[in-house]
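Fold and contact review
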Amino acid sequence: MSPDFLPFTRPSIDESTIQAVSEVLRSGWITSGPKVREFEAALSKRYGGRPVRVLNSASAALELALRLCRIGPGDDVLTTPLSWVGTANAILAVGATPVFVDADPATRNIDLDRLEAAVTQKTRAVIPVDLAGLPVDRDRLYSFAGRHGLRVIEDAAQSMGANWKGREIGCSGDLVAISFQANKNLTTAEGGCLVVNTEDEASLLEKLRLQGVTRFADGGMEVDVLGGKSNLTDIAAVMGLLQLPGLDRLNERRRALAKRYFERWDEELGCELPPADFEQSNWHMFQPLLPLDRMTIGRGEFIDRMKAKKIGVGVHYPAMHLFALYRSLGFRQGQYPAAEKIGRSTVTLPLYPAMTDADVDRVCQAVSEVLHPVIAR
Ligand SMILES: *Cc1c(COP(=O)(O)O)cnc(C)c1O
């Protein structure tokens, strides 16, 4: 890739992290071990002492959270159609039924005004998603869940380091799933964690992540529940451990870059920008909506023309109820119009801590150059 190509994201891995990974590789213990325990302790400290267990992905965290809640066949789980498909796949994986609730056109997160109408006798839980790192309103969410006796499994895969009214996501609430996948604000290449409420939940989670096994001091073991294989390696854990102290600084840089996007953005283009929240969001992504109705080219062509200007553009995400798997379950076009419109027109522009202010200016300039000639007036 040419050196002046700007990808839509890029992980921030410093030399000390690379050094620490080499040390683990040389140590003779590379899978789950002391670094996993240290990383869990550091995360738990960050989240106000709540128990935290690391896993090989946030997908596993979501699925195991559902299993911790004993949610399965016959149960409904509310969620948004506008997320990485892993969110709803976790619901299918445990045999439960995803019930989508349309997105709020302003926040692009689950529409809290529509939750009430989606509840039935079968509803057991809600999985809200902090899309692009913008937190769902936790006050309204938990008052809704409390009224209906629902579990909340926060898909905070994208919102590590974000906060709701000054309180960091993960420090409160019910179960909170966070991702350390390569594109996320803190990364272990692949990985994730689940913040739980009690030591009982934590020890069940430990069993669920490793074949249901409990080991005893005398070398014996017992298996009393069916678990899978979702443990994190020490190679990955040490990456997270080394990045954790710098996360807030990296997120600050993302906020500053996002702010610059707003300052430099050409308003005449008629794109819809995300909420300008520089207090709570961790700015995992910067996503304008293209004014497709007024454009003479489609999103694919926009992406190609940006690429020709050496700028990477992503799509996160198409509304997932329109995927073939979900259509086969009965979901149809037109059911969630707000999510569908956002899913059709969203583009993810470059935003990551190593970008310079001039990089943001270059992206804004390129967007103007690509869009101006193709917008009908
Ligand atoms: C990345 C992501 C996931 C899945 O995380 P993995 O660690 O890749 O399994 C789930 N939900 C959302 C919203 C995500 O962005």
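For the structure, check the block above.
Residues numbered from 1 in each chain as written. Predicted model: local features only at pLDDT ≥ 70, side-chain atom pairs only at ≥ 80, totals over all residues. Heavy atoms only, no water.

**Quick notes on the nonpolar core**
This is how the line gets drawn: Take the buried residues of types Ala, Val, Leu, Ile, Met, Phe, Trp, Tyr and Cys, join any two whose side-chain atoms come within 4.5 Å, and each joined set is a nonpolar core. Note on exposure labels: buried denotes an accessible area under 20% of the residue type's maximum, exposed denotes more than 50%, and partly exposed covers the range between, all computed with a 1.4 Å probe on protein chains only. Where helices and strands are cited, they refer to DSSP runs of H or I of at least four residues and of E of at least two residues respectively, numbered from the N terminus. Any two residues having at least one pair of non-hydrogen atoms within 4.5 Å are treated as being in contact.
Ranked by size, the top nonpolar core spans 31 residues in total, and within it Tyr-261, Phe-302, Met-306, Leu-349, Val-367 and Leu-371 carry the most contacts. Secondary structure elements with two or more residues in this core: helix 9 (247–264), helix 10 (299–308) and helix 13 (357–371). In terms of residue count, helix 13 provides more of this core than any other element does, seven residues in total. Once residues within four sequence positions are removed from consideration, Leu-371 is found in contact with Leu-269, Cys-271, Leu-290, Met-295 and Phe-302. Core analysis: the second largest hydrophobic core is formed by 26 residues, Leu-175, Ala-177, Ala-202 and Leu-208 among them.

**Digging into helix 2 (residues 34–46)**
Stated precisely, the cut-off is as follows: To estimate how far a helix should extend, the number of its residues minus one is multiplied by 1.5 Å. Throughout, the arc means the angular range of directions from the helix axis out to the C-beta atoms.
Compared with an ideal rise of 1.5 Å per residue, which puts 13 residues at 18 Å, helix 2 spans 18 Å between its outermost C-alpha atoms and is within 8% of the ideal. Every buried residue of helix 2 is accounted for by Val-36, Phe-39, Glu-40, Leu-43, Ser-44 and Arg-46. Buried residues of helix 2 fall within an arc of 155 degrees about the axis and therefore sit on the same side. Looking at helix 2, the residues exposed on the side facing more than 90 degrees away from the buried face are Arg-37 and Lys-45. In this structure, the buried residues of helix 2 make contact with strand 1 (52–55), strand 7 (167–168), strand 9 (192–195), helix 7 (199–209), helix 8 (234–243) and helix 9. Directly beyond the C-terminal end of helix 2, a positive phi value near 65 degrees is found at Gly-48.

**Points about the site of the ligand**
Where we set the bar: The cutoff for a nearby residue is simple: one of its non-hydrogen atoms must lie within 4 Å of the molecule or strand. Here a polar contact is recorded for every N or O atom pair within 3.5 Å, except that within protein the pair must consist of a potential hydrogen donor and a potential acceptor, and residues adjacent in sequence are included only if both atoms are side-chain atoms. Per-residue and other accessible areas were derived by the Shrake-Rupley procedure at a 1.4 Å probe size, with only the shown protein chains allowed to occlude residues. Under the scheme applied, nonpolar residues are Ala, Val, Leu, Ile, Met, Phe, Trp, Tyr, Cys and Pro; charged residues are Asp, Glu, Lys and Arg; polar residues are all the others, including Gly.
Taken together, the neighbourhood of the ligand is formed by 15 residues, with Ser-59, Asp-155, Gln-158, Ser-179 and Lys-184 sitting nearest. Here an oxygen atom of the ligand and a backbone polar atom of Ala-58 are 2.8 Å apart. Out of a free accessible area of 380 Å², the ligand has 94% covered by protein chains. Grouping the amino acids of the shell around the ligand by side-chain chemistry returns five nonpolar, eight polar and two charged.

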